[in-house]
Structures are given as C-alpha cells and as structure tokens.
Amino acid sequence: MRRILKIQLKTAIDFHGHLGPYLVLGLLMGEYALKKMRARPHFGLEVKVWGAKNKPKSCLIDGLQLSTGCTYGKGNIAKYGGKAIKVNFRDLKTTKELTVFLSEETLERLKSAVDHLTSEKIAMEFYKKGVRSIFLSR
Ligand SMILES: [Zn+2]
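Residues numbered from 1 in each chain as written. Predicted model: local features only at pLDDT ≥ 70, side-chain atom pairs only at ≥ 80, totals over all residues. Heavy atoms only, no water.

## Some thoughts on helix 3 (residues 59-68)
Most of helix 3 sits inside the fold, with nine of its 10 residues counted as buried. Inspection of helix 3 places C59, L60, I61, G63, L64, Q65, L66, S67 and T68 among the buried residues, and these make up the whole buried set. Considering only its buried residues, helix 3 is in contact with helix 1 (9-16), helix 2 (21-37), strand 1 (45-50), strand 2 (77-80) and strand 3 (86-91). One or two residues past the end of helix 3 sits G69, with phi positive at roughly 80°. (Buried < 20%, exposed > 50% of the residue type's maximum accessible area, 1.4 Å probe, protein only. Helix = DSSP H or I, 4+ residues; strand = E, 2+ residues; numbered from the N terminus. Contact = heavy atoms within 4.5 Å.)

This is the structure we're talking about:
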C-alpha cells in the first residue's frame, strides 16, 4: 500500500497557478502527517484547517489537498476561521489525531514574503528545508 503521495513541486504549481510559501507549507504538512500517522491518503483521513480562510494563507489548502488526497470534491477537508494556522489530521481507521502548527521561525520568515519574487524565494527555502523546524506538532 502506498502511504505517501509524492507530489512534485511542478505538479503543485501547475495545479495551483503559482509558487508560494503557503502552497509549499501545505505540501510538506500533508506529507509529514501521512508519514507520521501512517494514514492512508485520499480516503483514510480527514483534514481540518483553521486560520487560512483568505489568500495567501488559503494557498496552504491546495498544498494540503495535493499532499493528502483529501479534497473538497470528496468532502474530507474543511476550513474554519481562526487567527493562527492550525491543521488537524484525523486517521479514520485508528481515530488517531495529529495537530500541526507553524513554528515561530516560520511565521517570522513569512512576514518578509511581501512581493512575488520574495514569496517564491521563501517558498523554495521551505521546500529545500523540508519539515524540519517548519512545524510543531502534537
Ligand atoms: Zn497561492
């Protein structure tokens, strides 16, 4: 059974329309959660997202849909209001849950994503860095 969806960055950009830091964060978060929970993508989990209602933060949700296979079409991802980004993953088989937040360092770095070019640069930084130090989870 394939547990991890390996989504290429190019595929994500083709789907989403541009390269941005929140898109990358969504990709990495979903990949991290599937790996950590050993959950089955597409139908094996449910994703709830807080604090990413509007752009550019909501770009996170496209990254999450790609990396987890949980989509609006299937109804197993949902977004809610909230000040800070928080993503809850729930394994439907084991009912195990994982909640992921952005680290202080990541939030600080995101503040400098003020224009298109810097946003792309930061997105690539996150992508190269991978999950380490980007999130905190519990
Ligand atoms: Zn975007």
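Alright, that's what it looks like, and here's the rest.
## So, the sheet that holds strand 3
Taken together, the five strands give an open sheet; going across it, the order is 2-1-3-4-5, and neighbouring strands pair in mixed fashion. With one partner strand each, in any of the chains shown, strand 2 and strand 5 (135-137) form the two edges of the open sheet. Across the sheet, the mean angle separating the axes of adjacent strands is 20° when strand polarity is ignored. Judged from the five bridges that link them, strand 3 and strand 4 (residues 97-102) form a sheet pairing that is antiparallel. (Pairing = 2+ DSSP bridges. Axes fitted to C-alpha atoms, helices over the stretch in contact; angles between N-to-C directions.)

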